[in-house]
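# A closer look at the structure
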Amino acid sequence: MPKIQEDLIAREIVINDAESYVRYRITKRQTQDEIQISTGAIVITRGKYRPPNAPSDGEKPLYLHISAGTHLGEIGKKIEEQLGEAKSASNRDLMRFGIPG
């Protein structure tokens, strides 16, 4: 029987307002699996995408729910780095096709 981690902490990072290509990349199962393998954190996409200026429908906007042990702060930084890398990679892809990022 697996041991339940008693010092589990959770954090939420709102990604609703991130660029669409960043939201796409960070919500992919493969990306979330890579984060889990490299950090031990469990990342779950929750909430509902709400377009800019859309009225609230009572649901939380799109966000990542991150569960980890006491090293959650470090993991949050790594995920935010992943968000930045996703944006940089997408900008490089756009520039390669002559589209400004």
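This report concerns the structure included in the present document.

Conventions adopted
Residues numbered from 1 in each chain as written. Predicted model: local features only at pLDDT ≥ 70, side-chain atom pairs only at ≥ 80, totals over all residues. Heavy atoms only, no water. Helix = DSSP H or I, 4+ residues; strand = E, 2+ residues; numbered from the N terminus. Buried < 20%, exposed > 50% of the residue type's maximum accessible area, 1.4 Å probe, protein only. Contact = heavy atoms within 4.5 Å. Areas by Shrake-Rupley, 256 points an atom, 1.4 Å probe, with all protein chains shown as cover. Phe/Tyr/Trp six-rings, centres within 6.5 Å; stacked < 30°, edge-to-face > 60°. Lys NZ or Arg CZ within 6 Å of the ring centre and 35° of its normal. Axes fitted to C-alpha atoms, helices over the stretch in contact; angles between N-to-C directions. Parallel < 35°, antiparallel > 145°, perpendicular 65-115°, else oblique. Nonpolar A, V, L, I, M, F, W, Y, C, P; charged D, E, K, R; others polar.

To continue, consider the overall build of the chain. Scanning the chain from N- to C-terminus turns up three helices and three strands. The linear arrangement of helices and strands in the chain, starting from the amino end, is β-α-α-β-β-α. For the chain, buried positions account for 30% of its 101 residues. Relative to all contacts within the chain whose residues are 6 or more apart in sequence, the contacts with residues 24 or more apart total 61%. When the accessible area of the chain is evaluated, it comes to approximately 7,000 Å², of which 53% is carbon and sulfur surface.

Another point: the packing of aromatic side chains. Under the definition given, this model contains zero aromatic pairs. One cation-aromatic arrangement involves Lys60 over Tyr63; the distance from NZ or CZ to the ring centre is 4.6 Å.

To continue, consider the packing of helix H1 (residues 20-27) against helix H2 (residues 29-39). Interhelical geometry of H1 versus H2 gives an angle of 60° and a closest axis separation of 5 Å. Between H1 and H2, the angle is such that the two are oblique. Seen from H1, the contacting residues are Arg25, Ile26 and Thr27; seen from H2, they are Arg29, Thr31, Gln32 and Ile35. In the contact of H1 with H2, the residues fall into two nonpolar, three polar and two charged.

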